[in-house]
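Tertiary structure, described
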Amino acid sequence: MRRVVCALLVLFLLPLAACGGKELIADDTFAYFNTRLRWVHVPHEETVGGDLRASLFALAGQVEEALSAEGEGPIARFNAAAAGEKVELDAVSYRTLTLAKEMYEETEGAYNPALGLYTDLWGFSPRFSEGEGAAMPYDREDFTKELPDAKYIEGFLPLTDFSSVTLSAEEERYFAQKPDAEVEIDGVTYTMQLDLGGIGKGMCADILAEFLDESYAAEGFGEVEGYLALAESSLLLFADPRGEGFEVGLTHPRSETKENFLRFSAQNIAFSTGGDAEKSYELGGKLYSHIIDGKTGCPTESTIASATVLTDEAARGDALCTALVAMGKDRAIDFIRAHGLQAVLFVAEENIFYTTIERYEILGDAKEVRL
Amino acid sequence: MNRLPDVKRGKAFRPLDLIFYALILALIAVLLLFTLWPSKGGAVGFSVKYEGKTVYTYRFEGGGEAVEGELTISETERDGRLLVRFSKGEEYNLVEFDPEGRTARVLDANCSARADCAHMPAIGESGTILCVPHALSVEPLTEDLFRPSL
């Protein structure tokens with residue numbers, strides 16, 4: 001009798017010991033992309049306080065330097081180059097520009113990385129958020145109280161044709177040919193300026209994920225578990241150590257306390273979100289967001305307050321969500337259907353979200369429309 | 001030898017057996033607790049609420065963020081700590097956030113309660129400071145890492 005009881009207890013005990021649950025820890029840095037980079041993972045001896053964390057964050061710094069429009073990296077050199085000049089890139093910037101070209105064509109220009117002049121003109125470039133950089137002739141005393149001069153809005157349009165940028169690879173060296181187009185306004189010559197803000201964070205997440213895959217395999221840690229998050233716009237999920245799926249919440253773009261309006265269960269996929277809540281200002285009762293309409297040179301007048309896309313590659317998702325917001329509701333819905341995307345569009349005025357995702361939990365009072 | 005009568009007479013559980021079984025059951029209970037209620041992420045800061053609604057959040061890595069509303073909120077820094085004053089009319093509470101000690105406490109207030117919130121101890125990963133007359137509360141901001149948000 002006693003042996004039977006002991007045997008039963010041991011049989012019950014062993015499975016419980018096995019399913020003790022893995023904890024997650026978060027490693028944060030605020031050093032890159034002017035935002036928080038978070039690496040959430042199951043701690044291993046080597047990752048907690050070890051070289052892997054340092055290497056991961058150092059890699060993020062390298063990616064940022066390669067893609068930044070400021071400093072001395074390849075994109076900054078492209079922007080500083082004269083019209084028609086050939087600029088040498090590195091592998092990261094070449095890879096990013098190659099993908100950017102694909103996305104520019106796929107979205108018919110709704111995603112356009114050649115809008116750097118407008119990003120700066122409207123006051124959304126790092127020059128304004130970081131308080132560094134030289135003044136420009138088109139600066140206003142207070143850009144939140146005065147619209148840009150129309151001559152710049154119209155004048156910069158010929159410098160935004162990203163299809164005219166030529167990329168080439170020659171014996172493991174990479175180049176970008178700047179278009180010949182240049183414009184002179186009030187005696188100052190302007191050329192195309194690239195801004196990879198709409199794809200850079202996603203590309204960084206993808207590169208870090210590849211690094212983690214290789215490192216985990218090399219260290220024998222098994223499958224990568226946890227996720228990478230850049231700001232609140234790029235979330236690259238690996239496997240959930242519980243096997244269930246992370247519960248991902250989407251923030252209501254008009255909630256002052258950042259309440260979620262939707263929640264999904266997901267793993268091994270990238271979430272990308274873009275919208276007018278990230279950077280915007282109000283002028284004359286109108287909201288001006290950082291997402292520029294390449295056809296007009298002005299902040300988009302889209303009714304989409306936020307767009308979220310689920311993809312296998314975070315960089316692709318990053319570019320797509322920017323494009324969807326810029327397209328406006330009707331065109332974005334057509335695009336989502338035509339390309340079979342898993343996406344959520346939130347229209348703030350209607351308090352309605354449009355989605356192709358099948359399973360989710362609605363939080364709050366937003367209404368749903370299934371596409 | 002015929003042990004069968006001895007076995008039949010013997011009790012099912014001797015005192016030592018009972019102690020042993022009790023220990024195993026206790027161990028099962030502890031394991032169940034960790035399985036059913038796994039530890040979540042610790043406090044990442046504090047939230048300040050007025051009448052139950054969040055008016056201010058302070059994160060150890062990221063600083064403070066105010067929400068526009070009925071309260072007037074002003075911040076100053078002193079000796080590496082953030083002092084935040086919440087006021088409405090003549091009423092006020094001065095809250096100190098200590099990023100190194102990971103604590104929050106009310107330094108000063110002019111509320112009328114007998115258990116004056118300014119005399120409550122600092123809170124860390126748990127606990128709440130309540131200022132009932134001013135309808136203000138300060139509590140830890142915890143984060144469940146299995147529930148990220150975009």
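Scroll up to find the structure.
Residues numbered from 1 in each chain as written. Chains lettered and ligands numbered in written order. Predicted model: local features only at pLDDT ≥ 70, side-chain atom pairs only at ≥ 80, totals over all residues. Heavy atoms only, no water.

What follows deals with the pairing of strand β5 (residues 81-88) of chain B. Residues and elements named next belong to chain B. Here strand β4 (residues 72-78) runs beside β5; their pairing, made up of seven bridges, is antiparallel. Residue pairing across strands places Thr76 opposite Leu83, the latter belonging to β5. Turn length for the β4-β5 hairpin, with the two strands adjacent in sequence and antiparallel, is two residues, and the turn residue Asp79 shows positive phi of about 50°. Pairing geometry for β5 and strand β6 (residues 91-98), over seven bridges, is antiparallel. Bridged to Lys88 within β6 is Glu91. Linkage of β5 to β6, two consecutive antiparallel strands, is achieved through a turn of two residues, within which Gly89 is found at a positive phi near 65°. (Pairing = 2+ DSSP bridges. Helix = DSSP H or I, 4+ residues; strand = E, 2+ residues; numbered from the N terminus.)

This paragraph deals with the packing of aromatic side chains. Residue and element names in this part refer to chain A. Across all of its chains, the model carries 26 aromatic pairs over all chains by this definition. Between Tyr152 and Tyr190, the ring centres sit 6.3 Å apart and the planes meet at 85°, which makes this aromatic pair edge-to-face. You can see Tyr152 sitting in helix α7 (residues 150-155) and its partner Tyr190 sitting in strand β7 (residues 188-190), a full 38 residues away along the chain. For the pair Tyr152 and Tyr190, one class covers both residues: buried. Cation over ring: Lys86 sits above Phe175, and NZ or CZ is 4.8 Å from the ring centre. Note that Lys101 overlies the ring of Phe162, its terminal NZ or CZ placed 5.6 Å from the centroid. (Phe/Tyr/Trp six-rings, centres within 6.5 Å; stacked < 30°, edge-to-face > 60°. Buried < 20%, exposed > 50% of the residue type's maximum accessible area, 1.4 Å probe, protein only. Lys NZ or Arg CZ within 6 Å of the ring centre and 35° of its normal.)

For the coordinates displayed, the defined rule picks out 20 salt bridges over all chains. Note that Asp240 of chain A and Arg242 of chain A form a salt bridge whose closest N and O atoms lie 2.9 Å from each other. Using a relative accessible area of 4% as the deciding quantity, one classes Asp240 of chain A as buried. Taking the relative accessible area as the measure of exposure, Arg242 of chain A reaches 31% and is therefore partly exposed. Salt-bridge contacts for Glu96 of chain B lead to Arg81 of chain B; the nearest nitrogen and oxygen are separated by 3.2 Å. Within this pair, whereas Glu96 of chain B is found in strand β6, its partner Arg81 of chain B is found in strand β5, the two being separated by 15 residues in sequence. Judged by its relative accessible area of 5%, Glu96 of chain B is buried. Where salt bridges share partners, they join Arg81, Glu96, Asp98 and Arg105 of chain B into one cluster. (Salt bridge = Lys/Arg side-chain N within 4 Å of Asp/Glu carboxyl O.)

These values are about where atoms sit, not about what they do.
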